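A look at the structure
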Amino acid sequence: MTTELTKRPCSDSRVIQTNRVLPLDTNNLDTLFGGKLMSSIDIVASISAAKHCRSECVTASMDSVDFLKPIRQTEAVHLESFVTYTGSSSMEVFVKVIAEHLITGESKVAATSFITFVSLDENGKPKKVPAVYPETEEEKYLFHSAEDRMKVRKNRRKLSTYLAEQIEKYHF
Ligand SMILES: CC(C)(COP(=O)(O)OP(=O)(O)OC[C@H]1O[C@@H](n2cnc3c(N)ncnc32)[C@H](O)[C@@H]1OP(=O)(O)O)[C@@H](O)C(=O)NCCC(=O)NCCS
């Protein structure tokens, strides 16, 4: 019997978005502005999260966005995302950004990111999500390495919470 918590393959949440780099999206070096790319990453990842759990989700954290290569106006930007791992109410989404030179056809991985989303119920409380299972080699690699990233995230959350408490003492 299929229920809303039936395991789903990573491929069910796959999202692919392709953009052009327009002049207004660039920085002073004429390469894609980092904040613009981060917004696109958050958008595609949020769609992957919602496709996986079919409920409202919020971004809980962004591990990092590693801008590995600059992206120029001669390139198309392909963003690809999918849910790689789940906790009880949280989902890890991987996003890779590929820049493709439109004249030569040469492609490169320009950025990668892991983002955590939390599924919310109608009262805005964390809600259980279905588990995910990997099928391709890339999905399996990301799935099996996820627990280590989860541990780092848990630790970082504790540190961020402590830091916020200290900072609040100075302001309020
Ligand atoms: C994310 C949020 C819903 C968590 O709510 P909470 O009441 O603290 O819930 P919990 O402590 O029970 O955590 C729920 C899940 O989120 C995970 N989580 C919470 N904060 C996290 C963080 N900073 N990084 C990674 N995971 C996190 C927990 O590990 C837990 O996962 P699990 O259910 O899979 O075990 C809450 O902190 C929030 O609303 N934050 C603001 C979100 C936001 O505004 N985002 C930007 C706009 S979309």
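Residues numbered from 1 in each chain as written. Predicted model: local features only at pLDDT ≥ 70, side-chain atom pairs only at ≥ 80, totals over all residues. Heavy atoms only, no water.

In this section: the overall build of the protein chain. Summing up its helical and strand segments, the protein chain has three helices and seven strands in all. In the protein chain, the succession of α and β elements from N to C terminus is β-β-α-β-β-β-β-β-α-α. Dimensions of the protein chain, computed from C-alpha atoms along their principal axes, come out at roughly 55 × 45 × 30 Å. When the 172 residues of the protein chain are sorted by exposure, 37% land in the buried category. (Helix = DSSP H or I, 4+ residues; strand = E, 2+ residues; numbered from the N terminus. Buried < 20%, exposed > 50% of the residue type's maximum accessible area, 1.4 Å probe, protein only.)

One open sheet accounts for five strands, arranged β2-β4-β5-β6-β3; its pairing is antiparallel. Each end of this open sheet is capped by a strand with a single partner; those strands are β2 (15-20) and β3 (56-67). Ignoring strand direction, the axes of neighbouring strands in this sheet form an average angle of 25°. Sheet strands in contact with helix α3 (residues 146-171) are β3, β4 (75-86), β5 (90-101) and β6 (107-120), and its direction is about 100° off that of β3. (Pairing = 2+ DSSP bridges. Axes fitted to C-alpha atoms, helices over the stretch in contact; angles between N-to-C directions. Contact = heavy atoms within 4.5 Å.)

Turning next to the pattern of salt bridges. Enumeration over the complete set of coordinates arrives at ten salt bridges. In this structure, Arg14 and Glu80 form a salt bridge, with 2.2 Å as the shortest nitrogen-oxygen distance. Pair noted here: Arg14 is in the loop between β1 (8-9) and β2 and Glu80 is in strand β4, with a separation of 66 residues, a long-range link. By relative accessible area, Arg14 is classed as partly exposed at 25%. Each of the salt bridges in this network shares a partner with another, and the network as a whole consists of Asp63, Glu92, Arg149, Arg153 and Arg156. (Salt bridge = Lys/Arg side-chain N within 4 Å of Asp/Glu carboxyl O.)

It is worth spelling out the UniProt feature "domain: HotDog ACOT-type" (unreviewed entry) in the protein chain at this point. The UniProt entry lists residues 11-123 under the feature "domain: HotDog ACOT-type" (unreviewed entry), expressed in the numbering used here. Along residues 11-123 the backbone is 18% helical and 50% strand, and the end-to-end C-alpha distance reaches 29 Å. (UniProt positions renumbered as here; feature names shortened; annotations may be inferred.)

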